[in-house]
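# Summary of structural features
If you want the building blocks of each chain, they are given just below.
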Amino acid sequence: MTPLLVRGLDAAPGIVAVTVVTMATLVIGTWGLRFSRTTSDFFVASRTVRPRLNASAIGGEYLSAASFLGVAGLVLTFGADMLWYPVGWTAGYLVLLVLVAAPLRRSGAYTLPDFAEARLGSRGVRAVCSVLVVAIGWLYLLPQFQGAGLTLRSAIGAPAWVGPVIVGLVVLANVTSGGMRSITFVQAFQYWLKLTALLVPAAVLLVVWAGDHGPVGDRPDVDWSMPLATGGGQGLYVTYSLIVATFLGTMGLPHVVVRFYTNPDGRAARRTTLVVLALLGIFYLLPPVYGALGRVYAPELAASGRSDALVLELPRLMLDGLPGELLTGLVTAGAFAAFLSTSSGLGIAVAGVLSQDVTGREYGGRRLRGITAFRVGAVVAVLVPALAALASPELGVARAVGLAFAVAASTFCPLLLLGIWWRGLTDAGAIAGLLAGGLGSGFAVAWALFAGETSGWPGVLLDQPAAWSVPLAFVAMVVASLLTRDRIPAHTGRFMVRLHTPEALELDRGPDRSSLGSDR
Amino acid sequence: MSEREPPGRVRVSGPPRRRTPAARTRDIDAETRLGGMFMGSLLREQLRLALGILAVLLGTVGVLPLLFHVVPRLGAVHVAGLPLAWLLLGILVYPFLFLLGWLYVRRAERNERDFADLMGEVDA
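Cut-offs applied
Residues numbered from 1 in each chain as written. Chains lettered and ligands numbered in written order. Predicted model: local features only at pLDDT ≥ 70, side-chain atom pairs only at ≥ 80, totals over all residues. Heavy atoms only, no water. Helix = DSSP H or I, 4+ residues; strand = E, 2+ residues; numbered from the N terminus. Buried < 20%, exposed > 50% of the residue type's maximum accessible area, 1.4 Å probe, protein only. Contact = heavy atoms within 4.5 Å. Areas by Shrake-Rupley, 256 points an atom, 1.4 Å probe, with all protein chains shown as cover. Buried area = accessible area lost by both parts, 1.4 Å probe. Salt bridge = Lys/Arg side-chain N within 4 Å of Asp/Glu carboxyl O. Polar contact = N/O pair within 3.5 Å; in protein donor to acceptor, adjacent residues only side chain to side chain. Patch = residues over 30% accessible without salt bridge, like charges linked within 9 Å, V, L, I, M, F, W, Y side chains within 5 Å. Phe/Tyr/Trp six-rings, centres within 6.5 Å; stacked < 30°, edge-to-face > 60°. Lys, Arg positive; Asp, Glu negative; His and termini not counted. Charge placed at Lys NZ, Arg CZ, Asp CG, Glu CD. Expected span 1.5 Å × (residues − 1). 1 Å grid on protein atoms, 1.4 Å probe; cavity = no way out; pocket = protein on both sides within 12 Å on 5 of 7 lines; lining within 4 Å. Points joined across faces, edges and corners; volume = space filled by probe spheres on them. Nonpolar A, V, L, I, M, F, W, Y, C, P; charged D, E, K, R; others polar. pLDDT = per-residue confidence, 0-100. Axes fitted to C-alpha atoms, helices over the stretch in contact; angles between N-to-C directions. Parallel < 35°, antiparallel > 145°, perpendicular 65-115°, else oblique. Left-handed = near helix turned anticlockwise from the far one by under 90°.

### Quick notes on the overall build of chain A
- Within chain A, the secondary structure is distributed over 24 helices and two strands.
- A burial count over chain A gives 65% of its 520 residues as buried.
- Taking as baseline every contact in chain A between residues at least 6 positions apart, the subset at least 24 positions apart corresponds to 85%.
- For chain A, the exposed area adds up to about 17,400 Å²; of that, 68% sits on carbon and sulfur atoms.

So, in structure tokens, the structure goes:
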């Protein structure tokens, strides 16, 4: 990367783009503030968000740095097999739709720990879930902050610490001022911004490519465009493990789940998810285009290990002068929106759990009130991963996010599926499964973070743990539940009525157990 | 536990039935055997629908890696100028996922309507 001083005016589009996105985010967030009055507004926008707005917000929140930058970089480096990442991230929503969406909304809980406690009537399960939400949230936030550093370095030559600091501050400002209500508008705006920021440059660059077909004699090699061309059985395992992690992990991501509580009812939750499937499908058509064009115009990025910067640098590599600068500004704006929206969503989710289970607790006879506890929680939720991003080495954006998916799939997926569809789940079973899946996948993550490369089958198994850690968690949860059948909660039947019957029917659904249920 | 302000409830009365509508929801509320059967049938229908959709997903999208592994020649096939894998995984899979989701939502809402009809309450 050329240092800032040498690039001089090159930095202008990047600086303008980052400033505009930041200002727009703050303005829309402040505008949403007018609507945020109660604690329920802060956590779930008082559950009145319509499907189309909510779907845009979910899309805006979900499409992170991994989607915006990581996928194109992975496709550039590793080829067709990496198409499974966006496919899995979309299919995850289909699995969520058919198995979880409506019952989760009907459960009436605000967070995953709320759901676990309401379903199983156990403070112990709640505590384990809270720890897991915070762990997954931080694991997911880390690459967002690192990606922000990368973007600013690539776009304006700023030192790596600038990105995490700016993103952290903007997210804090938004989250602490308006909570979920204002963040909903911000994130809906950011979905459309991200789509535009990838779509317009992709269209222009495709026209350029159609005109010159790239540097002569520099054709993509055949292996690269073929799936599973290398790797044999290990390659097959990695692909299927990735499929397990992404298909099943989406439902367990804290920032995804918390969005479902903002729907008015179970039917709206389903329709929202359907719109999300469409929005994601449209967006994910684009990153592979960048990956393929990068193969023609920027193969040196893959060789030098800076493939995550592909989307940001491709416009300049293919177009000289003002058009290249304008498109660079646009993709930089989109990338920055990606960090802001995903980080905000995760910040909200982690802050929600922290404020319920940590900062909102009574200490020495004193206790913070609802919104204050939430704000303190938000500061902790953002500060910890921002500092970690500054201190730890870069993992590769999509890879770190992939690990977060693996942990979510190994813990919350079994809890949600068995909790919603199986009456026999007990608190002891849930804890056994959460621990087995959490420790198994957590060990693999720690290995990836700290021990580095391992070769052969052990390396493959630790690199993509989902294919063994998810079944392990399911088996542990079912077996331990069967062994403790006398602990099946007495209200299980009533809770099933609550989860599965349409709201229009007048039925006894038991007491509203969520901690903020009556606050509207 | 409906959150929004419920619209004015309209009783739709029909010809007399053997069971009065309220009695069925009461069976569920009282957790009688009959109520358990009503709930069980709803759960089974919805779960069968969900598993059916997932089976289609696995049988189509899910077998692709295995297919490309077993028949490597497929990787070299080009359709409309694009390698087959890119056409399938880069483009066609997304409308297909949406189609599955759309089918699911339609059927799931129909199942719930049927259940509501069974309970004797018609509610728009």
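Here the narrative resumes, following the displayed structure.
### What to know about the overall build of chain B
- Tallying secondary structure elements over chain B gives four helices and two strands in all.
- For chain B, the succession of helices and strands along the chain, N to C, is α-α-α-β-β-α.
- In chain B, which comprises 124 residues, the proportion classed as buried is 37%.
- Total accessible area on chain B is roughly 7,600 Å²; 63% of this is exposed by carbon and sulfur atoms.

### Looking at the interface of chain B and chain A
- If you look at the interface, chain B gives 52 residues, while chain A gives 61 residues.
- Of the roughly 5,000 Å² buried between chain B and chain A, counting both surfaces, carbon and sulfur atoms make up 71%.
- Counting every contact that joins chain B to chain A gives four salt bridges.
- Here B:Glu112 ties to A:Arg270 by a salt bridge, and the two come within 2.6 Å at their closest N and O atoms.
- Across the chain B-chain A interface, the total number found is eight residue pairs in polar contact (both at pLDDT 80 or more).
- When contributions to the side of chain B that touches chain A are tallied by element, the ones reaching two or more residues are α1 (21-29), α2 (33-60), α3 (64-70) and α4 (84-118) of chain B.
- Counting residues per element, the side of chain B that touches chain A draws most heavily on α4(B), which supplies 19 residues.

### Describing the pattern of salt bridges
- Overall, the coordinates contain 11 salt bridges over all chains when judged by the stated rule.
- The closest approach of N and O atoms between B:Arg48 and B:Glu45, which form a salt bridge, is 3.3 Å. Placement of the pair is B:Arg48 and B:Glu45 together in helix α2, with a separation of three residues, close to one helical turn.
- Residue classification places B:Glu45 among the partly exposed residues on the basis of a relative accessible area of 35%.
- The network of salt bridges with common partners includes A:Arg106, A:Arg270, A:Glu503 and B:Glu112.

### Side note on a nonpolar patch on the surface
All names here are of chain A.
- Taken together, the side chains of Trp161, Val165, Leu169, Val379, Leu383, Leu387 and Leu390 make up a nonpolar region of the molecular surface, amounting to roughly 660 Å² of accessible area.
- The element best represented in the nonpolar patch is helix α19 (residues 370-391), accounting for four residues.
- Structurally, Leu390 can be placed in helix α19.
- The class of Leu390 is partly exposed, set by a relative accessible area of 42%.

### Here we look at the packing of aromatic side chains
- Applying the stated criterion across every chain yields a total of 13 aromatic pairs over all chains.
- Measuring from centroid to centroid gives 5.4 Å for A:Tyr85 and A:Trp89, while their planes differ by 55°, and the two rings are tilted. With A:Tyr85 and A:Trp89 both in helix α6 (residues 84-99), this residue pair falls four residues apart, about one helical turn.
- Linked through ring pairs, A:Phe68, A:Tyr85, A:Trp89, A:Tyr140, A:Phe283, A:Tyr284, A:Phe405 and B:Tyr94 together constitute an aromatic cluster.

### Observations regarding a positive patch on the surface
- On the surface, B:Arg106, B:Arg107, B:Arg110 and B:Arg113 cluster together into a positively charged patch.
- One can find B:Arg113 in helix α4.

### Details of helix α12 (residues 232-249) of chain A
- Counted at 1.5 Å a residue, the expected span for α12(A) with its 18 residues is 26 Å, and the 25 Å between its end C-alpha atoms agrees.
- Residues of α12(A) that are buried: A:Gly235, A:Leu236, A:Tyr237, A:Thr239, A:Ser241, A:Leu242, A:Ile243, A:Ala245, A:Thr246, A:Phe247, A:Leu248 and A:Gly249.

### Some details on the environment of A:Gly88
Residue and element names in this part refer to chain A.
- Among the secondary structure elements, Gly88 is positioned in helix α6.
- Relative accessible area serves as the criterion here: at 0%, Gly88 is assigned to the buried category.
- On a C-alpha basis, the gap between Gly88 and Thr250 in space is 8.9 Å, while along the polypeptide they are 162 residues apart.

### Thoughts on empty space enclosed by the protein
- Counted by the stated rule, this structure contains four cavities of 30 Å³ or more.
- Roughly 70 Å³ of internal volume is contained in the largest cavity.
- As for the largest cavity, its lining consists of A:Ala102, A:Pro103, A:Arg106, A:Arg270, A:Trp421, A:Leu499, A:His500, B:Gln46, B:Tyr104 and B:Glu112.
- Where the lining of the largest cavity is concerned, the elements lending two or more residues are α7 (101-106) and α24 (492-500) of chain A together with α4 of chain B.
- Sorting elements by how many residues they give to the lining of the largest cavity places α7(A) first, with three residues.
- For the lining of the largest cavity, the class distribution of residues is five nonpolar, two polar and three charged.

### Some details on the environment of A:Val407
Residues and elements named next belong to chain A.
- Examined against the element boundaries, Val407 turns out to sit in helix α20 (residues 397-421).
- Val407 sits in the buried class, given a relative accessible area of 8%.
- Along the chain, Val407 and Leu132 lie 275 residues apart, while their C-alpha atoms are 8.7 Å from each other.
- Discounting residues that sit within four places of it in the chain, Val407 has contacts with Ile136, Leu139, Ser441 and Val445.

### Some details on the confidence of the model for chain A
All names here are of chain A.
- When pLDDT is averaged along chain A, the result is 82, and 85% of the positions lie at 70 or above.
- Confidence, expressed as mean pLDDT per element, reaches its minimum in chain A at helix α1 (residues 4-7) with 41 and its maximum at helix α23 (residues 466-483) with 96.
- Between residues 1-8, whose pLDDT stays under 50, and residues either more than four places distant or in other chains, the model counts 12 contacts.
- Low pLDDT, under 50, characterises residues 514-520; the stretch is placed with 20 contacts to residues that sit more than four places away or in other chains.

### Focus: the packing of helix α15 (residues 287-297) of chain A against helix α17 (residues 310-318) of chain A
All names here are of chain A.
- Viewed as axis vectors pointing N to C, α15 and α17 meet at an angle of 50°, and their least axial separation amounts to 10 Å. Taken as axis vectors, α15 and α17 run oblique relative to one another. Considering only the axes of α15 and α17, their crossing is left-handed. Here Tyr290, Gly291, Leu293, Gly294 and Tyr297 of α15 lie close against α17, whose contacting residues are Leu310, Val311, Leu314 and Met318.

### Some points on the packing of α12(A) against helix α22 (residues 456-463) of chain A
Residues and elements named next belong to chain A.
- Close contact between α12 and α22 brings their axes to 10 Å; oriented N to C, the two are set at 10°. In terms of axis orientation, α12 runs roughly parallel to α22. Where α12 approaches α22, its residues Gly233, Gln234, Tyr237 and Val238 are matched on the opposing element by Gly456, Trp457, Val460 and Leu461.
- When its residues are assigned to classes, the contact of α12 with α22 shows five nonpolar, three polar and no charged.

### Let's talk about the confidence of the model for chain B
- Per-residue pLDDT for chain B has a mean of 80; in total, 81% of the residues score no lower than 70.
- Per-element confidence in chain B ranges from a low mean pLDDT of 66 for α1(B) to a high of 92 for α4(B).

### Concerning the side chain of A:Thr272
Residues and elements named next belong to chain A.
- By the secondary structure assignment, Thr272 is in helix α14 (residues 266-284).
- Overall, the relative accessible area of 0% leaves Thr272 in the buried class.
- A polar side-chain atom of Thr272 sits 2.8 Å from a polar atom in the side chain of Asn263.
- Excluding residues within four positions of it along the chain, Thr272 makes contact with Pro51, Asn54, Ala55, Ile58 and Asn263.

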